[in-house]
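Residue-level structural notes
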Amino acid sequence: MTGTARTDVEQVELANTAFYEALERGDFDKVSELWLDSPPDPGSEPPSADDIADESADDGDGDAVSCVHPGWPVLTGRGEVLRSYALIMANTEYIQFFLTDLRVGVFGDTALVTCTENILSGGPPPAGGGELGPLVGQLVVATNVFRRTPDGWKLWSHHASPVLAETDDEESDETPS
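In what follows, the accompanying structure is described. These numbers come from a predicted model, not from an experiment.

Our next topic: the sheet that holds strand E5 (residues 135-149). Across the sheet, which stays open at both edges, the six strands sit in the order E2-E1-E6-E5-E4-E3 with mixed pairing between neighbours. Taken across any chain shown, the strands that pair with only one partner, and hence form the sheet edges, are strand E2 (75-76) and strand E3 (94-107). Across ten bridges, E5 lies against strand E6 (residues 152-162) in antiparallel orientation. Paired with Val141 across the strands is Ser161, a residue of E6. Of the strands in this sheet, E3, strand E4 (110-122), E5 and E6 touch helix H1 (residues 8-25), which is tilted by about 160° from E3.

Structure (structure tokens):
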């Protein structure tokens, strides 16, 4: 897609792509920027980095962000969600997302994106080695919910679950003889 996004669907697609590209680069600041901020209290100062880290799970307005990584419990609140991404980025040397089955729906100020994340990742090098750890492929289905803000579309919720696919061997084991 070239030029400026004209439709809400195009804008949401760009925000979704920016999220995955920031994860691939390990750009924590960009990932943070893409997540919805908790609504400020009237008359309060803008939050500092320390405030973000200390945020409670519920902001009182029902707008708390949430995230479910494959195999993790539900994370609620901007601070908890962003800490999870910092942890993932600190322990992942390489990650690349190939998104397939992408669908976008916009409903007023809320957008829903579903996709399949075809993930290729590698951990830190093994002891004594200068190369990446072994590359691992993973298939994950994801739902990303965005909210429209004055600063563009921001992530409100991300939920990812592994795809448990049967192999040909497993299918043949269940065939009656």
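This paragraph deals with the packing of aromatic side chains. Across all of its chains, the model carries five aromatic pairs by this definition. Relative to Tyr85, the ring of Phe19 has its centre 5.9 Å away and its plane inclined at 85°; by these criteria the two rings are edge-to-face. One end of the pair, Phe19, is in helix H1; the other, Tyr85, is in helix H4 (residues 78-90), with 66 residues separating them in the sequence. With respect to burial, Phe19 and Tyr85 carry one shared label: buried. Look at Trp35 and Tyr85: their rings are 6.1 Å apart centre to centre, the planes differ by 45°, and that puts the pair in the tilted class. Of this pair, Trp35 sits in the loop between helix H2 (28-34) and helix H3 (49-54) while Tyr85 sits in helix H4, and the two are 50 residues apart along the sequence.

Bringing the pattern of salt bridges into the picture now. When their charged atoms lie close together, side chains carrying opposite charge are able to pair. Using the criterion set out here, one finds five salt bridges in the structure. Close ionic contact of Asp37 with Arg78 constitutes a salt bridge, the shortest N to O distance being 3.3 Å. Here Asp37, found in the loop between H2 and H3, pairs with Arg78, found in helix H4; they are 41 residues apart in sequence, far enough to count as distant. Residue classification places Asp37 among the partly exposed positions, given a relative accessible area of 49%. Arg78 sits in the buried class, given a relative accessible area of 6%. The salt bridge involving Asp109 is made with Arg148; its shortest N-O contact spans 2.7 Å. Here Asp109 is found in the loop between E3 and E4, whereas its partner Arg148 is found in strand E5, with 39 residues between them in sequence. Given the relative accessible area of 44%, Asp109 is considered partly exposed. With a relative accessible area of 32%, Arg148 lands in the partly exposed category.

The rules behind these values
- Residues numbered from 1 in each chain as written.
- Predicted model: local features only at pLDDT ≥ 70, side-chain atom pairs only at ≥ 80, totals over all residues.
- Heavy atoms only, no water.
- Pairing = 2+ DSSP bridges.
- Helix = DSSP H or I, 4+ residues; strand = E, 2+ residues; numbered from the N terminus.
- Contact = heavy atoms within 4.5 Å.
- Axes fitted to C-alpha atoms, helices over the stretch in contact; angles between N-to-C directions.
- Phe/Tyr/Trp six-rings, centres within 6.5 Å; stacked < 30°, edge-to-face > 60°.
- Buried < 20%, exposed > 50% of the residue type's maximum accessible area, 1.4 Å probe, protein only.
- Salt bridge = Lys/Arg side-chain N within 4 Å of Asp/Glu carboxyl O.

Keep in mind these values describe shape, not function.
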